[in-house]
Each structure stands twice: as structure tokens, then as C-alpha cells.
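Residue-level listing of the chains:
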Amino acid sequence: MFYQQIYPIEPLRKYVRYFWVLEGNSLDFSEKIFKIMSDGMPGLIFQTNKKAFRDKNNQELPQLFVYGQTTRYTEQRAINSFQNIGIYFQPSALKSIFRIDASELTNQHIDIDDLLKTTITEQISNTASTDEKIVLLSTFLLRQLQRTNINSEKPDFAIAQLEKGMSLQDVQNELKMSERSLERYFKQYIGISPKLFSKIGRFQSALEIIRKTPFEKLTDIAYQSDYFDQSHFIRDFKEFAGTSPKKFKLHANEIVSNFPEWKV
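Just so it is clear, the model here is predicted, and its values are computed rather than measured.

A.B. asks: Tell me what's going on with helix H7 (residues 179–189), and back it up with residues and numbers.
C.D. replies: By the burial criterion, the buried members of H7 are Ser 181, Leu 182, Phe 186 and Tyr 189. Projected down its long axis, H7 carries its buried residues within an arc of 135°, all on one side. Across from the buried face of H7, at angles greater than 90 degrees, the exposed residues are Glu 179 and Arg 180.

Rendered as C-alpha cells:
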């Protein structure tokens, strides 16, 4: 299996963290289960083989689709060889690019053709090289941004401060916003509440510690990641990762990043 990350051109960096490419084209291809963990980011995926992937309900995924925030663990299944190209958006990008409330796509995906009147799926399908496909996607996004012209300054500031560890109350004070107003901004731009966004961010911090450092006790990770206690940490981990921290660590050497936070 091949996986690659490609960073966007400068005008897109406010909206796109990176493009990624994932290929599974071996002659002896066998069905693969991809575990999707909550990461606080929406995205977009193009499938070269539009019949390769199925969702948790065994339904074919669209060839080019946008997905929103994932607030719980889920799975998808590859039944054929594939080459997929994706975009890992910044948290507030859906509103800015597609002029929709991000909450409409929370735990959902939508065919790009049902979202917009566009020929981008056909254009990418008729382009041979991966580099050319990424150029087409980049041009498509830039045109969308010119059309929408939405200011995401406040939610972007809030996201940046929360990712640095600032409390929700301090974020509200900095923005001079009420709790209700901040929650409304988050639902519109990010798709989930500020509290849930912070909760997912804390889980991701713990995930990084487990991946990169040896540990003796789960309580050490829980406290490093600002969990109240070990039981809260385990409960959140199971909700967002679909497994316990110990089982995740045990099988970490078998995990391959893709889609971009999907795990095999």
C-alpha cells in the first residue's frame, strides 16, 4: 500500500492542511477494513475506482464526495483495488468553500454533484496523472472561494486558541462573545460544539502520545492529556477510536495512515 501527503499552494493553506494519495493496487488484493477515528477535520475524497469503497451500511461511496466532522468511530471497507486522492481540510473550511453550515455534514458525506453544479468529477476522471488531478482540485477550490467570499476570522481564531490549550471561557472573553454565540459559530463553521471540538482535540493529543512514546500506565497519558481520570480517558478513546488505548498500542505496528486518518 502506498500513501503520500502533498502540501497545498499558498492561497489554499488557510483552508487545506494537505492533499493525500492512497493506493492499494496489488494483484492479490484482499478486502480491507478502514477504521475512521474522530479528528476534528472535514475532507473531500476522489475515488479513481468508484466501486472500490463501501460505507458501514454496505453502500457504495460516491466517486467524489465531501464529508463533515466525525464525532464517533466508524468503519469503511475496500472491496477492490483503488487509488484515492483526498483533501484534509482545515476545521472551518466547509462553510468557507461550499457556503453551507458545516453541521449539515456532521457524520455525513455528500456527492459533490448533489452539493454543486460542477463538472469537476468528470474533469478529474479524464485526467491521467495524480499531479494533474491535484491541480484541478486546487483550481476548483480557489474558484469556490472566490464565489463564496466568506469571512471565517472569528471561528479560525477560536480554533487556534483551543488547539493551543486556551479554555472555552477565555476564548469567549477574547472574542467578546456569549457561550451561545460561540456555539452558533462553531455549528455553522465547524459542525460541532466548541466543547466537543475540544474533547476530540484532547483525544487526538492522547493518540499522539500513545503512537510516539512508551508508557507504563494509562493514568500517565490521561493526566498528560488533561483528562480528569483514567476512566474518562478510556471512555473517550473507545468512543472516538473504536478500541481501548491498550489494544490500540498493541496493534500500532499494524496501522497504516490513510484517508488521511483512516486506519487499516
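A.B. asks: Any details on unusual backbone geometry? Residues and values, ideally.
C.D. replies: For Asn 58, which is not glycine, the phi torsion reads 65° and is therefore positive. Mapped onto the elements, Asn 58 comes out in the loop between strand S5 (53–54) and strand S6 (64–67). Of note, the phi angle at Asn 107 is positive, near 60°, even though the residue is not glycine. The topology assignment puts Asn 107 in the loop between helix H1 (93–98) and strand S9 (109–111). Judged by relative accessible area, which is 26%, Asn 107 ranks as partly exposed.

A.B. asks: Outline the packing of helix H5 (residues 153–163) against helix H6 (residues 168–175), listing residues and values.
C.D. replies: In the contact formed by H5 and H6, the axes pass within 10 Å of each other and the chain directions differ by 145°. At the point where H5 passes H6, the crossing takes the right-handed sense. Contacts between H5 and H6 involve Lys 154, Phe 157, Ala 158, Gln 161 and Leu 162 from the former and Leu 168, Val 171, Glu 174 and Leu 175 from the latter. A per-class count over the contact of H5 with H6 returns 6 nonpolar, 1 polar and 2 charged.

A.B. asks: Tell me about the pairing of strand S4 (residues 43–47), and please be specific about residues and values.
C.D. replies: Counted residue by residue, S4 has 5 buried out of 5 residues, so it is predominantly covered. The side-chain alternation of S4 yields two buried faces, one formed by Gly 43, Ile 45 and Gln 47 and the other by Leu 44 and Phe 46. As paired strands, S4 and S6 are joined by 4 bridges and run antiparallel to one another. Counterpart to Gly 43 in the pairing with S6 is Tyr 67. Of the pairings in the sheet, the one linking S4 to strand S8 (residues 82–89) comprises 5 bridges and is antiparallel in character. Of the residues in S8, the one forming a bridge with Leu 44 is Ile 87.

A.B. asks: Can you tell me about H5, naming the residues and giving the values?
C.D. replies: Here H5 has its buried residues at Pro 155, Ala 158, Ile 159, Gln 161 and Leu 162. The buried side chains of H5 occupy one side of the element, clustering within an arc of 170° when seen end-on. Contacts from the buried residues of H5 go to H6, H7 and helix H8 (194–212).

A.B. asks: Please give an account of the side chain of Thr 70 that cites residues and values.
C.D. replies: Relative to the helices and strands, Thr 70 resides in the loop between S6 and strand S7 (74–78). Not counting the four nearest positions on each side in its chain, Thr 70 is found in contact with Ile 36, Ser 38, Asp 39, Asn 107 and Ile 200.

A.B. asks: Account for the sheet that holds strand S2 (residues 16–24), naming residues and giving values.
C.D. replies: An order of S1-S2-S8-S4-S6-S9 is seen for the 6 strands of this open sheet, with the pairing classed as antiparallel. If you trace the sheet from one side to the other, it starts and ends with strand S1 (2–6) and S9, each paired once. In this sheet, neighbouring strand axes are inclined to one another by 20° on average, regardless of whether the strands run parallel or antiparallel. Sitting on the sheet, helix H4 (residues 130–148) is in contact with S1, S2, S4 and S8, with an inclination near 35° to S8.

A.B. asks: Give me the packing of H5 against H8: which residues, what numbers.
C.D. replies: With their axes 10 Å apart at the nearest point, H5 and H8 run at an angle of 40° to one another. With respect to H8, the element H5 is oriented oblique. The chirality of how H5 crosses H8 is right-handed. Contacts from Ile 159, Leu 162 and Glu 163 in H5 reach Pro 194, Phe 197 and Ser 198 in H8. Of the residues in the contact of H5 with H8, the class split is 4 nonpolar, 1 polar and 1 charged.

A.B. asks: With reference to specific residues and values, describe the packing of aromatic side chains.
C.D. replies: Applying the stated criterion across every chain, the model contains 13 aromatic pairs. Measuring from centroid to centroid gives 6.2 Å for Tyr 7 and Tyr 18, while their planes differ by 75°, and the two rings are edge-to-face. Here Tyr 18 lies in strand S2 and Tyr 7 lies in the loop between S1 and S2, a separation of 11 residues in the sequence. On the basis of relative accessibility, which here comes to 55%, the residue Tyr 7 falls in the exposed class. Ring plane angle 70° and centroid distance 5.7 Å describe the contact between Phe 237 and Phe 248, whose orientation is recorded as edge-to-face. Separated by 11 residues along the polypeptide, Phe 237 in helix H10 (residues 230–241) and Phe 248 in helix H11 (residues 245–250) bring together distant segments of the chain. Across the pair, exposure class does not vary: Phe 237 and Phe 248 are buried alike.

Here is what the cut-offs are and how they apply
Residues numbered from 1 in each chain as written. Predicted model: local features only at pLDDT ≥ 70, side-chain atom pairs only at ≥ 80, totals over all residues. Heavy atoms only, no water. Buried < 20%, exposed > 50% of the residue type's maximum accessible area, 1.4 Å probe, protein only. Helix = DSSP H or I, 4+ residues; strand = E, 2+ residues; numbered from the N terminus. Arc of directions from axis to C-beta. Axes fitted to C-alpha atoms, helices over the stretch in contact; angles between N-to-C directions. Left-handed = near helix turned anticlockwise from the far one by under 90°. Contact = heavy atoms within 4.5 Å. Nonpolar A, V, L, I, M, F, W, Y, C, P; charged D, E, K, R; others polar. Pairing = 2+ DSSP bridges. Parallel < 35°, antiparallel > 145°, perpendicular 65-115°, else oblique. Phe/Tyr/Trp six-rings, centres within 6.5 Å; stacked < 30°, edge-to-face > 60°.

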